[in-house]
Amino acid sequence: MASLQNSLFLNSFPQLQKHSTLPCCKRGGISFLVRAEQVGTSSRVSPPQDRTGRRQVVAIGTVAPLVFLVNQNYKSFAAETKKGFLPVTDKKDGYEFIYPFGWQEVVIEGQDKVFKDVIEPLENVSVTLIPTVKQDIRDFGPPNEVAETLIKRVLAPSSQKTKLIEAVEHDVDGKAYYTFEFVAKAPNYTRHALSTISIGNGKFYTLTTGANERRWEKMKDKLHTVVDSFKLFNV
């Protein structure tokens with residue numbers, strides 16, 4: 001499937017280190033490294049080496065929250081996930097998105113990731129990757145032209161009647177994406193779908209999600225949330 005898609009594209013677009021000796025505690029959501037000290041009943045002046053040790057503990061206690069916060073920022077995508085959705089982050093291929101809670105992951109040849117509703121199989125999201133020497137999605141042409149080619153030659157079987165509804169370009173963190181909406185009519189159903197495409201890490205990325213036309217009004221907000229969440233990052 002992946003090689004077929006690649007062929008279609010070629011034909012269509014010719015151009016802390018760990019402190020193991022110190023216990024770790026949490027307070028108010030921030031991690032602190034704590035050292036227990038034995039305090040005598042009479043007050044006394046601490047020797048220089050003890051004062052030095054205390055300064056080291058204070059320093060460690062200052063660094064630990066910073067490390068924790070860095071880790072929290074690294075996980076910010078999951079933390080900011082909308083209610084009713086689950087996050088996907090592919091660190092190997094450099095992309096992330098969210099999908100509706102309850103959808104199950106399935107394996108389909110030629111697809112990098114697929115999640116679908118087990119009751120409504122047309123409600124799903126998939127991600128495909130193919131190599132490319134292009135550096136920007138705009139190198140393939142304007143949104144409408146690229147969308148039409150993808151829909152007719154890759155995203156829908158040739159036996160289905162397709163219609164492009166809208167195709168737009170948008171920018172996320174300086175990277176161009178094309179997002180488009182289309183319908184594909186089969187003899188016994190019509191699928192209403194959304195796709196977003198972009199280029200990064202030497203790959204052409206396509207995320208597509210959709211639903212049966214009869215459920216489009218109920219699902220469209222969720223599907224727009226899925227497609228809008230798709231983002232590439234460097235690996």
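Residues numbered from 1 in each chain as written. Predicted model: local features only at pLDDT ≥ 70, side-chain atom pairs only at ≥ 80, totals over all residues. Heavy atoms only, no water.

Is there a simple way to think about the packing of aromatic side chains in this case?
The final tally for this structure, using the stated rule, is 8 aromatic pairs. Arranged with centres 6.3 Å apart and planes meeting at 70 degrees, the rings of F97 and F115 form a pair that is edge-to-face. Here F97 is found in strand β4 (residues 95-100), whereas its partner F115 is found in strand β6 (residues 113-116), with 18 residues between them in sequence. Like F115, F97 is buried. Ring centres of F140 and F204 lie 5.2 Å apart, and the angle between their planes is 80 degrees; on these two criteria the pair is classed as edge-to-face. Note that F140 is positioned in the loop between β7 (124-131) and α4 (143-155) and F204 in strand β11 (residues 203-212), a separation of 64 residues in sequence. For the residue pair F140 and F204, the accessibility class agrees, reading buried in each case. Here the aromatic cluster, defined as three or more aromatic residues joined through ring pairs, consists of Y95, F97, Y99, F115, Y205 and F230. Here the basic side chain of K134 rests over the ring of F140, its NZ or CZ set 5.9 Å away from the ring centre. (Phe/Tyr/Trp six-rings, centres within 6.5 Å; stacked < 30°, edge-to-face > 60°. Helix = DSSP H or I, 4+ residues; strand = E, 2+ residues; numbered from the N terminus. Buried < 20%, exposed > 50% of the residue type's maximum accessible area, 1.4 Å probe, protein only. Lys NZ or Arg CZ within 6 Å of the ring centre and 35° of its normal.)

Looking at this model, I keep getting lost on the environment of H224. Mind explaining?
Structurally, the position occupied by H224 is in helix α5 (residues 216-229). In this structure H224 comes out as partly exposed when scored by relative accessible area, which is 30%. Taking the C-alpha atoms as reference, H224 lies 9.3 Å from G210; in sequence the two are 14 residues apart. With sequence-adjacent residues up to four places away left out, H224 is seen in contact with L194 and W216. (Contact = heavy atoms within 4.5 Å.)

Sorry, what's going on with the sheet that holds β11 here?
The strands that make up a sheet are held in pairs by hydrogen bonds between backbone atoms, and each pair lies either parallel or antiparallel. With respect to topology, 7 strands assemble into an open sheet ordered β5-β6-β7-β11-β10-β9-β8, the strand pairing being antiparallel. Two strands lie at the open edges of the sheet, namely β5 (104-105) and β8 (161-172), each paired on one side alone. In the sheet, β8 pairs with strand β9 (residues 175-186) via 11 bridges, with the strands oriented antiparallel. Across the sheet, residue V168 finds its bridge partner in β9, namely T179. (Pairing = 2+ DSSP bridges.)

Please clarify how the pattern of salt bridges should be interpreted in this entry.
Should the charged atoms of two oppositely charged side chains come close, the side chains can pair. By the definition in use, this model includes 10 salt bridges. Salt bridges sharing partners connect three or more residues here, namely E120, E123, R214 and R215. (Salt bridge = Lys/Arg side-chain N within 4 Å of Asp/Glu carboxyl O.)

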